[in-house]
Amino acid sequence: MSDRVFIAGTGTDVGKTVVTAGILRYLRQREVDAVVMKPVQTGADTAQQPWRAPDLEAHWRAAAFDPQDEPYSRFCPYLYAPACSPHLAARLAGDAIDPKVIHQNARALLETHEYLIVEGAGGIYVPLTDRYTNLDLMKEMACPIILVAHVALGTINYTLLSLESMNHAGLKVAGIILSTPEPLSESARFIAEDNPAAIEAFTEVPIFGIVPWLEDITHAEAPGWDAFEEAIDWELLLTQLGLWHD
Ligand SMILES: Nc1ncnc2c1ncn2[C@@H]1O[C@H](COP(=O)(O)OP(=O)(O)O)[C@@H](O)[C@H]1O
Ligand SMILES: [Mg+2]
């Protein structure tokens, strides 16, 4: 069994943070000492000192988890203000992202915690340096991957392209989660309803769940998290990650 999972996305704003938060919350509520790493966060919250990573804050809020006694940089080694591609944010900061640092921090987290959930930045081919993309990071992490996509026009294409690129790189995608980042309009409903079957027709990779639009996910007890849990086939997800126990 792998001690980690990588949450990849078909792009940005597709629901990776919500899915990551929901999985962290689920595992921690069941006594699994899981933590999340956001190796690179752009669009930092600079209103706070030190700067904060909005994705990590969302994960921790959902799971009512705050590892204050551990260095923040371990969870998010690269934090940049501009909301742009990591390679560009690093360059603008006069910095360079070093994948070795990401791996060192991942190892350090796993010395004191049981399980690691890694949320990628953006889509599969997003560059972290001029020569190194999320795909390279996923290859080096050598762990199962969950692909997050959003139910909307275009998702069949984005999902199949993402699966193809990972398959080509020899990566194992454990499953797909579809999310609904905005309330579905009546006129878009027929597209959203067809997305899962259309994707399943082209791939053997299972869909773990279709997460509806969650009205309130602002804190750990918010009702949206119950709806999230209901939307996921946890037995299938945990089995695919090697975490299932009867
Ligand atoms: N199922 C959902 N219900 C409600 N809001 C969602 C849902 N999925 C995503 N969102 C919202 O959509 C926005 C983008 O989602 P996020 O998880 O941050 O995407 P990503 O991490 O892929 O960039 C966020 O404001 C998030 O709260
Ligand atoms: Mg995110």
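In this report, we go over the structure that sits alongside the text. Counting from 1, residues in each chain are numbered in the order their sequence is written. Naming scheme: in the order in which they are written, chains are lettered from A and ligands are numbered from 1. In keeping with the predicted nature of the model, local features appear solely for residues at pLDDT of at least 70, side-chain atom pairs appear and are counted solely at 80 or more, and the whole-chain, interface and lining totals rest on all residues. Water and hydrogen atoms play no part in the side-chain values, which are based on all heavy atoms of the structure.

1. Remarks on helix α5 (residues 99-112)
In an α-helix, one turn spans 3.6 residues; hence positions three or four apart end up facing the same way. A run of H or I in DSSP becomes a helix once it reaches four residues, and a run of E becomes a strand once it reaches two; helices and strands are each numbered from the N terminus. Expected span, for any helix, means 1.5 Å times one less than how many residues it has. When the terminal C-alpha atoms of α5 are compared, their 21 Å separation across 14 residues agrees well with the 20 Å that a helix rising 1.5 Å per residue should span. Per-residue accessibility, obtained with a 1.4 Å probe over protein chains only, is compared with the maximum for each type, and a residue is labelled buried under 20%, exposed over 50%, and partly exposed between these values. Listed in full, the buried residues belonging to α5 are Pro 99, Ile 102, His 103, Asn 105, Ala 106, Ala 108, Leu 109 and Leu 110. In protein, a polar contact requires one atom able to donate a hydrogen and another able to accept it; more generally it is a pair of N or O atoms within 3.5 Å, and residues adjacent in sequence count only if both atoms are side-chain atoms. Sitting at the head of α5, Asp 98 places a side-chain oxygen 2.9 Å from the backbone nitrogen of Lys 100.

2. Digging into empty space enclosed by the protein
Only protein atoms enter the calculation, which uses a 1 Å grid: trapped sets of points that fit a 1.4 Å probe without letting it out are cavities, open sets showing protein on both sides within 12 Å along at least five of seven lines are pockets, and any residue with an atom within 4 Å of a point is a lining residue. Grid points are joined across faces, edges and corners, and a volume is the space filled by probe spheres set on the points. Counted under the stated rule, the structure contains 1 cavity of 30 Å³ or more. If you add up the space inside the largest cavity, you get close to 30 Å³. Contributing to the lining of the largest cavity are Phe 6, Pro 39, Val 40, Glu 119, Gly 120, Ala 121, Leu 128, Asn 134 and Leu 137. Looking at the lining of the largest cavity, the elements with two or more residues in it are β5 (115-123) and α6 (134-141). It is β5 that contributes the most residues to the lining of the largest cavity, 3 residues altogether. Amino acids are sorted into nonpolar (Ala, Val, Leu, Ile, Met, Phe, Trp, Tyr, Cys and Pro), charged (Asp, Glu, Lys and Arg) and polar (every other residue, Gly among them). Tallied by class, residues from the lining of the largest cavity come to 6 nonpolar, 2 polar and 1 charged.

3. A closer look at the layout of surface pockets
There is about 550 Å³ of room inside the largest pocket. Around the largest pocket, the lining comprises 27 residues; the ones closest to its centre are Thr 12, Asp 13, Val 14, Thr 17 and Asp 55. Those elements giving two or more residues to the lining of the largest pocket turn out to be α1 (16-29), β3 (40-42) and β5. It is β5 that provides the largest number of residues to the lining of the largest pocket, a total of 4 residues. For the lining of the largest pocket, the residue count by class is 13 nonpolar, 9 polar and 5 charged.

4. Structural notes on the site of ligand 1
One heavy atom suffices: a residue is near a molecule or strand as soon as one of its heavy atoms comes within 4 Å of it. Near ligand 1 lie 15 residues; those nearest to it are Asp 13, Lys 16, Thr 17, Pro 212 and Leu 214. The accessible surface values rely on the Shrake-Rupley method and a 1.4 Å probe; as for residues, cover is taken only from the protein chains in view. In isolation ligand 1 exposes 550 Å². Once the protein is present, 77% of that is buried. Molecules are considered to sit inside a cavity or pocket once more than half of their atoms lie within 2 Å of its grid points. Structurally, ligand 1 is housed in the largest pocket. Here the element with the most residues in the shell around ligand 1 is α1; it accounts for 3 residues. In terms of residue class, the shell around ligand 1 is made up of 7 nonpolar, 5 polar and 3 charged.

5. With respect to the packing of α1 against helix α10 (residues 234-241)
Inter-axis angles, ranging from 0 to 180 degrees, are taken between N-to-C directions of lines fitted to C-alpha atoms, where helices are fitted over the stretch in contact. One way to put it is that α1 packs onto α10 with a least axis distance of 13 Å and a crossing angle of 90°. With respect to α10, the element α1 is oriented roughly perpendicular. Contacts between α1 and α10 involve Gly 22, Ile 23, Tyr 26 and Leu 27 from the former and Trp 234, Leu 237 and Leu 238 from the latter. Within the contact of α1 with α10, the residues separate by chemical class into 6 nonpolar, 1 polar and no charged. When describing relative orientation, an angle under 35 degrees is termed roughly parallel and one over 145 degrees roughly antiparallel, while 65 to 115 degrees is termed roughly perpendicular and anything else oblique. Every residue pair with non-hydrogen atoms within 4.5 Å of one another is taken to be in contact.

6. Here we look at the packing of aromatic side chains
Pairing of aromatic side chains here covers Phe, Tyr and the six-membered ring of Trp, requires ring centres within 6.5 Å, and sorts the geometry by plane angle: under 30 degrees stacked, over 60 edge-to-face, intermediate tilted. The tally for this structure, following the rule as stated, stands at 7 aromatic pairs. An angle of 5° between the planes, with centres 3.6 Å apart, marks the rings of Tyr 26 and Trp 234 as stacked. With Tyr 26 in helix α1 and Trp 234 in helix α10, this residue pair connects regions lying 208 residues apart in the sequence. For the pair formed by Tyr 26 and Trp 234, the shared burial category is buried. Ring geometry for Trp 225 against Phe 228: centres 5.7 Å apart, planes inclined by 75°, an arrangement best described as edge-to-face. Of this pair, Trp 225 and Phe 228 both sit in helix α9 (residues 224-231), 3 residues apart, roughly one helical turn. Relative accessible area serves as the criterion here: at 2%, Trp 225 is assigned to the buried category.

7. Describing the sheet that holds β5
The strand order β2-β5-β1-β8-β9-β10 describes an open sheet built from 6 strands, whose pairing is parallel. The sheet is open, and its two edges are formed by β2 (34-37) and β10 (207-210), each paired on a single side. Neighbouring strand axes in the sheet, compared pairwise and without regard to direction, differ in orientation by 20° on average. Any two strands between which DSSP finds at least two bridges are classified as paired. Two elements, strand β8 (residues 145-150) and strand β9 (residues 173-179), share 6 bridges in a ladder whose sense is parallel. Residue Leu 147 lies in a different strand from β9, and its bridge partner there is Ile 176. Contacts from α5 reach β1 (4-9), β2 and β5 within the one sheet, and its direction differs from that of β2 by about 165°.

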